[in-house]
Amino acid sequence: MESRTQGSLEKTATKTGKGGSYELADFGMNGALHLDSAWHHGWEAVAALVAITKATIRGRPHP
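Residues numbered from 1 in each chain as written. Predicted model: local features only at pLDDT ≥ 70, side-chain atom pairs only at ≥ 80, totals over all residues. Heavy atoms only, no water.

**Student:** Could you clarify how one ought to interpret a nonpolar patch on the surface in this entry?
**Tutor:** A cluster of nonpolar residues, Trp39, Trp43, Val46 and Val50, forms a patch on the protein surface that exposes about 410 Å² of accessible area. On the accessibility criterion, Val46 (38% relative accessible area) is partly exposed. (Patch = residues over 30% accessible without salt bridge, like charges linked within 9 Å, V, L, I, M, F, W, Y side chains within 5 Å. Areas by Shrake-Rupley, 256 points an atom, 1.4 Å probe, with all protein chains shown as cover. Salt bridge = Lys/Arg side-chain N within 4 Å of Asp/Glu carboxyl O. Buried < 20%, exposed > 50% of the residue type's maximum accessible area, 1.4 Å probe, protein only.)

Written as structure tokens, this is what we have:
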């Protein structure tokens, strides 16, 4: 039997009860791909919030 280490996304999926979804790879579905995509978009949203809260308006003086 081949042993492998779990990646951080797989560990998170297992701890949150989504391990079955992560392992899904049938009927044209790939659970790991979808969870990775959701994780990516979540962090994109966090980055966008950081960017807009740290942004300044250029060309206008601050009040």
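**Student:** How do you make sense of the packing of aromatic side chains when you look at a structure like this?
**Tutor:** Geometry of an aromatic ring pair is reported as the spacing of the ring centres plus the angle between the planes. Counted under the stated rule, the structure contains one aromatic pair. A centroid spacing of 6.2 Å and a plane angle of 70° characterise the contact between Trp39 and Trp43, whose relative ring orientation is edge-to-face. Here the residue Trp39 and the residue Trp43 both occupy positions in helix α3 (residues 31–54), the gap between them amounting to four residues, near one helical turn. (Phe/Tyr/Trp six-rings, centres within 6.5 Å; stacked < 30°, edge-to-face > 60°. Helix = DSSP H or I, 4+ residues; strand = E, 2+ residues; numbered from the N terminus.)

**Student:** Can you walk me through the packing of helix α1 (residues 8–15) against α3 in this structure?
**Tutor:** A pair of packed helices can be characterised by two numbers: the angle between their axes and the separation between those axes. Direction vectors running N to C along α1 and α3 enclose 95°, while the axes themselves pass 11 Å from each other. Here α1 lies roughly perpendicular to α3, going by the angle between them. Residues Leu9, Thr12 and Ala13 of α1 touch α3, and the partners they reach there are Ala32, Leu35, Asp36 and Trp39. Of the residues assigned to the contact of α1 with α3, the class counts are five nonpolar, one polar and one charged. (Axes fitted to C-alpha atoms, helices over the stretch in contact; angles between N-to-C directions. Parallel < 35°, antiparallel > 145°, perpendicular 65-115°, else oblique. Contact = heavy atoms within 4.5 Å. Nonpolar A, V, L, I, M, F, W, Y, C, P; charged D, E, K, R; others polar.)

**Student:** Hey, could you run me through the confidence of the model for the chain in this one?
**Tutor:** Note that predicted coordinates carrying low pLDDT should not be read in detail. On average, residues of the chain score 79 in pLDDT, and 78% of them reach the 70 mark or higher. The least confident element of the chain is helix α2 (residues 19–23), whose mean pLDDT is 80; the most confident is α3, at 87. (pLDDT = per-residue confidence, 0-100.)

**Student:** Looking at this structure, how should I read the environment of Ser21?
**Tutor:** Secondary-structure assignment places Ser21 in helix α2. We classify Ser21 as partly exposed; its relative accessible area is 35%. Distance in space between the C-alpha atoms of Ser21 and Gly31 is 5.2 Å, their sequence separation being 10 residues. When near neighbours in sequence (up to four residues on either side) are disregarded, Ser21 contacts Gly31, Ala32 and Leu35.

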